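# Fold and geometry: a report
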Amino acid sequence: MAEPNAKIPAENTDSAKGFAFALSAYLLWGFLPFFMKAVAHIPAPEVVAHRIVWSVPLAGLVLLLLGRTQELKTALRSPSMLRMATLTAVLITINWGIYVWAIGAGRAIETALGYYINPLFSIFLGAVLLKERPNAAQMVAIALAAIAVAVLAFDAGGLPWVSIGLCISWGFYAFFRKTLPIGPNQGFFLEVLLLSIPAIGYIIWLEATGQGHFGDTGVADVLWLLSCGIVTAVPLMIYANGAKLLRLSTIGIMQYIAPTMIFVIAVFVFHEPFGTAKLIAFALIWAALVVYSGAMLAESRARRAAQPAPAE
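Scope of this entry: the structure provided in the associated data block. (Residues numbered from 1 in each chain as written. Predicted model: local features only at pLDDT ≥ 70, side-chain atom pairs only at ≥ 80, totals over all residues. Heavy atoms only, no water.)

To continue, consider the packing of aromatic side chains. Following the criterion strictly, the structure yields 22 aromatic pairs and no others. Relative to Trp-286, the ring of Phe-263 has its centre 5.3 Å away and its plane inclined at 90 degrees; by these criteria the two rings are edge-to-face. Taken together, the residues Phe-263 in helix α11 (residues 257-268) and Trp-286 in helix α12 (residues 276-306) connect sequence positions 23 residues apart. Since its relative accessible area comes to 33%, Trp-286 is described here as partly exposed. Among the aromatic residues, those joined into a ring-pair cluster are Tyr-116, Phe-263, Phe-274, Phe-282 and Trp-286. Between Lys-37 and the ring centre of Phe-270, over which it is positioned, the NZ or CZ distance is 4.7 Å. We note Arg-51 situated over the ring of Trp-96; from NZ or CZ to the ring centre the distance is 4.7 Å. (Phe/Tyr/Trp six-rings, centres within 6.5 Å; stacked < 30°, edge-to-face > 60°. Helix = DSSP H or I, 4+ residues; strand = E, 2+ residues; numbered from the N terminus. Buried < 20%, exposed > 50% of the residue type's maximum accessible area, 1.4 Å probe, protein only. Lys NZ or Arg CZ within 6 Å of the ring centre and 35° of its normal.)

Attention now goes to helix α8 (residues 184-208). Along its 25 residues, α8 runs 35 Å from first to last C-alpha, staying within 8% of the 36 Å computed at 1.5 Å per residue. Approximately 40 degrees is the largest bend angle found in α8, and it occurs at Ser-196, with the proline Pro-198 only one to four residues beyond. (Expected span 1.5 Å × (residues − 1). Bend = angle between axes of the 7 residues up to and from the residue.)

On to the pattern of salt bridges. Across all of its chains, the model carries two salt bridges by this definition. The salt bridge involving Arg-107 is made with Glu-110; its shortest N-O contact spans 2.9 Å. Judged by relative accessible area, Glu-110 falls into the buried class, the value being 15%. Residues Arg-177 and Glu-191 are paired through a salt bridge, measuring 3.2 Å at the closest nitrogen-oxygen approach. One end of the pair, Arg-177, is in helix α7 (residues 161-177); the other, Glu-191, is in helix α8, and 14 residues separate them in sequence. (Salt bridge = Lys/Arg side-chain N within 4 Å of Asp/Glu carboxyl O.)

From the geometry alone we can't say anything about function, so treat these as descriptive.
Have a look at this one:
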């Protein structure tokens with residue numbers, strides 16, 4: 001999903017190029033369940049390990065071509081930045097692991113719900129950890145989301161842990177990721193670079209014990225696993241370049257594209273069960289997002305109206 005450390009333009013305007021980049025990234029994320037379904041026969045931890053390993057050369061090449069390695073060198077010499085990058089790397093690994101497993105297990109609807117709830121959880125996180133006061137609309141939206149989770153929990157006899165796990169892991173990832181004073185592309189490369197050490201070790205162990213899918217189970221599996229780097233790194237870096245050319249409110253609305261696509265694919269392509277409880281829960285979530293987005297857009301318009309007109 002969206003890279004949390006992208007910079008928004010100070011001039012508070014959108015550009016067609018930024019919109020095209022961001023839309024491309026969200027569409028790629030929206031179609032990602034098809035890829036994950038294709039590799040569902042491979043255990044989720046192995047898929048995640050290959051997502052990490054093959055993202056390293058791709059992300060590194062992009063940084064070299066763009067000439068943006070200086071911030072990375074600074075980060076590698078800073079123990080505090082390395083500690084924070086390790087924490088965010090662990091959180092994103094948990095998020096990827098839940099997502100990969102859930103798609104393969106036929107629970108894509110729950111992943112969509114988790115990413116729908118995410119912006120509301122971020123508001124809650126800000127209120128708890130940063131003592132930010134949510135406005136009335138945000139409090140209503142959070143309450144509706146909480147009721148939706150309660151409906152699903154009552155129907156299933158337990159919490160929708162896939163949705164909650166994705167929401168919490170991404171919410172804390174975004175929260176801590178903001179403390180890394182480096183660009184989104186550099187931050188992503190640093191994370192996968194740190195993760196690559198245990199990931200390579202895990203892949204070697206799988207292959208040595210005959211449990212791996214990189215070579216022993218056919219060319220198709222090799223190609224699928226090599227492609228993990230592309231489907232992981234490319235959307236993130238496209239998004240990073242688009243988000244800095246768009247207003248925060250535009251990004252706020254566009255972030256619903258991917259979970260909406262996942263929801264549609266889950267119901268109409270994967271034919272996952274969608275009973276009354278899920279219908280009620282999603283109706284509540286969509287209502288919450290309408291309230292949240294409406295308030296956000298109104299606030300954005302008010303800020304623009306309050307800005308002085310440019311000098312002639």
